[in-house]
Amino acid sequence: MTSTINPETLSGERIEELQQIAGDHMFMHAVQINDWRGNLKVYVRGEGVWVETADGQRHLDAMAGLWYKSAGYGRTEIADAVYAQMTAIDSPPAGSSTIPQIELAGKVAELYPDHGARSFFVSGGSEAVETAVKMAKKYQIINGKAGAYKVLSRRYSYHGGTAMSVSLGGSPAADPMGPLMPGAIHVTNWDSYRLPYAGDPVDVAIKCANEFETVIKHQGAETVAAIIAEPVSAAAGIQVPPAEYWQRLREIADQYGVILIADEVITGFGRTGEYFAPMNWGVQPDITTVAKAITSGYAPLGAAVATKKIADAFIGGAGETFKHLITFGGHPVAAAAALANLNIFEREDLVGNSKRMGNYLFEQLQSLFSHKIVGDVRGGLGLLAAVELVADRESKTPFPASAGLAKKLPKMLFDRDMVSFRAGDVISICPPLSINKDEIDFIVNAIDGALSELEDELGI
Ligand SMILES: Cc1ncc(COP(=O)(O)O)c(C=O)c1O
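Remember, it's a predicted structure, so these values are computed and weren't measured experimentally.

Enquirer: Explain the domain arrangement of the chain residue by residue, including any values.
Expert: For interface size, the figure often reported is the accessible area lost on association. Its domain assignment divides the chain into domain 1 (41–62 + 349–458) and domain 2 (76–347). Computed over C-alpha atoms, the centres of domain 1 and domain 2 are 27 Å apart. Contacts between domain 1 and domain 2 engage 26 residues on the former and 24 residues on the latter. Together, Val351, Leu381 and Leu384 form the three largest contributors to the area buried by domain 1 at its contact with domain 2, with a combined 33%. Across the contact surface, domain 1 and domain 2 share two salt bridges. Here Arg194 ties to Glu388 by a salt bridge, and the two come within 2.7 Å at their closest N and O atoms. The interface formed by domain 1 and domain 2 contains 14 residue pairs in polar contact (both at pLDDT 80 or more). Mapped onto the side of domain 1 that touches domain 2, the elements with two or more residues apiece are helix H11 (350–365), strand E11 (374–378), strand E12 (385–389) and strand E14 (426–429). The element best represented in the side of domain 1 that touches domain 2 is H11, accounting for four residues.

Enquirer: For the sheet that holds E11, give the residues involved together with the corresponding values.
Expert: Within a beta sheet, neighbouring strands are joined by backbone hydrogen bonds and run either parallel or antiparallel to one another. The antiparallel open sheet is built from three strands, whose spatial order is E11-E12-E14. Each edge of the open sheet is held by one strand with a lone partner, namely E11 and E14. Geometrically, the sheet is characterised by an average inter-axis angle of 10° between neighbouring strands, direction not taken into account. Sheet topology note: the E11/E12 ladder contains four bridges and is antiparallel. By the bridge assignment for E12, Asp376 is matched with Glu388.

Enquirer: An account of the nonpolar core is requested, with residue identities and associated values reported.
Expert: Leu104, Phe269, Leu365, Leu389, Ile427 and Ile447 are the most contacted members of the largest nonpolar core, which has 67 residues in total. Split by domain, this core shows at least three residues from each of two domains, domain 1 (41–62 + 349–458) and domain 2 (76–347). The residues touching Ile447, leaving out its near neighbours within four places in the chain, are Leu365, Leu368, Leu413, Met418, Ile427 and Ile429. Membership of the second largest hydrophobic core comes to 35 residues, among which are Phe212, Ile216, Tyr256 and Leu381.

Enquirer: Describe the packing of aromatic side chains, naming the residues involved and giving the relevant values.
Expert: The relative placement of two aromatic rings is captured by the distance of their centres and the angle of their planes. Taken as a whole and assessed by the stated rule, the structure comprises five aromatic pairs. Plain terms: the ring middles of Trp50 and Phe442 are 5.2 Å apart, the flat faces sit at 80° to each other, and that makes the pair edge-to-face. Of this pair, Trp50 sits in strand E2 (residues 50–53) while Phe442 sits in helix H13 (residues 437–458); the two residues are 392 residues apart in sequence, bridging distant segments of the chain. The exposure class of Phe442 is partly exposed, given its relative accessible area of 28%. An aromatic cluster of at least three residues, connected via ring pairs, comprises Tyr112, Phe269 and Phe276. Over the aromatic face of Phe414 sits the side chain of Lys41, whose NZ or CZ is 4.5 Å from the ring centroid. Lying over the aromatic face of Tyr197, Lys207 brings its terminal NZ or CZ to 4.4 Å of the ring centre.

Enquirer: Tell me about the pattern of salt bridges, and please be specific about residues and values.
Expert: According to the stated counting rule, one finds 22 salt bridges in the structure shown. Across the pair Arg45 and Glu52 runs a salt bridge, and its minimum N-O distance is 3.1 Å. Residue class for Glu52 comes out buried when judged on its relative accessible area of 17%. Taken together, the shared-partner salt bridges connect Arg75, Glu77, Arg347 and Glu348 into one network.

Enquirer: Kindly report on the site of the ligand, identifying the contributing residues and their values.
Expert: Lining the immediate surroundings of the ligand are Gly124, Gly125, Ser126, Tyr158, His159, Gly160, Glu230, Asp263, Val265, Ile266 and Lys292. Note that an oxygen atom of the ligand is positioned 2.8 Å from one of the backbone N or O atoms of Gly125. Interatomic distance of 2.7 Å between a side-chain N/O atom of Asp263 and a nitrogen atom of the ligand. In isolation the ligand has 390 Å² of accessible area, and contact with the protein removes 79% of it.

Enquirer: So what's going on with the packing of helix H7 (residues 201–219) against helix H8 (residues 243–256)? Which residues, and what values?
Expert: Between H7 and H8, the least distance of the axes is 8 Å, while the angle of their chain directions is 20°. With respect to their mutual orientation, H7 and H8 come out roughly parallel. By crossing handedness, the relation of H7 to H8 is classed as right-handed. Residues Val202, Ala205, Ile206, Cys208, Ala209, Asn210, Phe212, Glu213, Ile216 and Lys217 of H7 pack against Glu244, Tyr245, Arg248, Leu249, Ile252, Gln255 and Tyr256 of H8.

Enquirer: Account for the sheet that holds strand E13 (residues 418–419), naming residues and giving values.
Expert: With mixed pairing, the four strands of this open sheet are ordered in space as E1-E2-E3-E13. Edge positions in the sheet fall to strand E1 (43–47) and E13, since each has one partner strand and no second. Relative to strand E3 (residues 58–61), E2 is paired through three bridges, and the arrangement is antiparallel. By the bridge assignment for E3, Trp50 is matched with Leu60.

Enquirer: Break down the pairing of strand E8 (residues 259–263) for me, citing the residues and quoting the values.
Expert: With five of five residues buried, E8 is to be regarded as a mostly interior element. In E8, alternate side chains face the same way, and those of Ile259, Ile261 and Asp263 on one face and Leu260 and Ala262 on the other are all buried. With four bridges connecting them, strand E7 (residues 224–229) and E8 associate as parallel partners. Bridge pairing links Ile227 to Leu260 in E8.

Rules of the game
Residues numbered from 1 in each chain as written. Predicted model: local features only at pLDDT ≥ 70, side-chain atom pairs only at ≥ 80, totals over all residues. Heavy atoms only, no water. Domains from an automatic or database assignment. Contact = heavy atoms within 4.5 Å. Buried area = accessible area lost by both parts, 1.4 Å probe. Salt bridge = Lys/Arg side-chain N within 4 Å of Asp/Glu carboxyl O. Polar contact = N/O pair within 3.5 Å; in protein donor to acceptor, adjacent residues only side chain to side chain. Helix = DSSP H or I, 4+ residues; strand = E, 2+ residues; numbered from the N terminus. Pairing = 2+ DSSP bridges. Axes fitted to C-alpha atoms, helices over the stretch in contact; angles between N-to-C directions. Core = buried A, V, L, I, M, F, W, Y, C linked by side-chain atoms within 4.5 Å. Buried < 20%, exposed > 50% of the residue type's maximum accessible area, 1.4 Å probe, protein only. Phe/Tyr/Trp six-rings, centres within 6.5 Å; stacked < 30°, edge-to-face > 60°. Lys NZ or Arg CZ within 6 Å of the ring centre and 35° of its normal. Near = heavy atom within 4 Å. Areas by Shrake-Rupley, 256 points an atom, 1.4 Å probe, with all protein chains shown as cover. Parallel < 35°, antiparallel > 145°, perpendicular 65-115°, else oblique. Left-handed = near helix turned anticlockwise from the far one by under 90°.

Structure follows, in structure tokens:
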């Protein structure tokens, strides 16, 4: 059996063989096997925002892989950097480092608003979250709050698939697996479309933020280590809060001596038009988790980035040591990929493009309100947007499950050569940051066409 990926050489027979092996031996992450068995999409090539299947079909990836392909597909210079590092020294002896790991720590600090920042590199987003939370707890211990083990987060958020990060999330996209981590406490998430309380959106956002304060007061500040939240919650349907929300979180964390963790696994590195999302609101979190776009998915890497204030607490003796170890965390080959990737970001001003094209995308998406089933268009902060569909715009009533949106829409979009992810009541849009206006028009036209087809089918 060969492992060729040249589409020209993939016969129908070979594709069938691959389908058979996958169907018999593979798990796809978080997808029912029956939903893809025999019909798995297999991609063999990508360039820019476009990807090509084994049988030669071309699609626009409107989800940047899974929220990560920020530099776009086919960047051979990242492959070259990976090759160079792997052939020089792929990984160093224990207790030492390599040039790309060191340079990446410097580059992250240069791009991060606190230039004194220190990075703990890991392999992905879930590990970044685990690391940030352990770092916060240890920081509290070092600073005399040894009983601070509780971590506050929000319902409907997503923080990863490992045991601790699942406890912190509140998303139906993850299996809960019995009792949560002790000390995981959830509060109301921000929702700009269906405001959790009546009133002016800014007042409501502050009220939502204040729920953290209520819990801290009730539990006792000495028991709470950290607050963790995504600046823009993708899991909750691309929820962009008003500036006052994160500003209030910062005030609460300061007042009660709680560590503020921004989970920027999706938003980090330019997705919201700034390198880091809280920069949009003038807020500096204590620890930031990143992954995905740091390498644009060319290699697995994540990090917990601590401000100088937090990181300096770990300089001292045995008691101050952060005893946290992940063998392949920050692998040199992945670090080399990250550096080459971030070099592209700077050279091509991808973060500026995110802001400019994000504004254009948000403007163009407004045209979709011509469909009666469009209830809300969210975004406006970089290249991260969502279209929410409703059965009744006035009352914001969702479609019943029997309407089958989650099955129908991905196919309708795919038939128009657009790759989506979990499109149903909410269509998320998160393309590579290198996208241009024509490609945005392509996405908006695909959604427009799919919605017309859906309306016809539903008799609307
Ligand atoms: C906000 C957020 N945090 C953490 C994670 C977990 O990252 P990973 O899947 O790389 O472990 C994700 C994944 O989508 C995420 O969106």
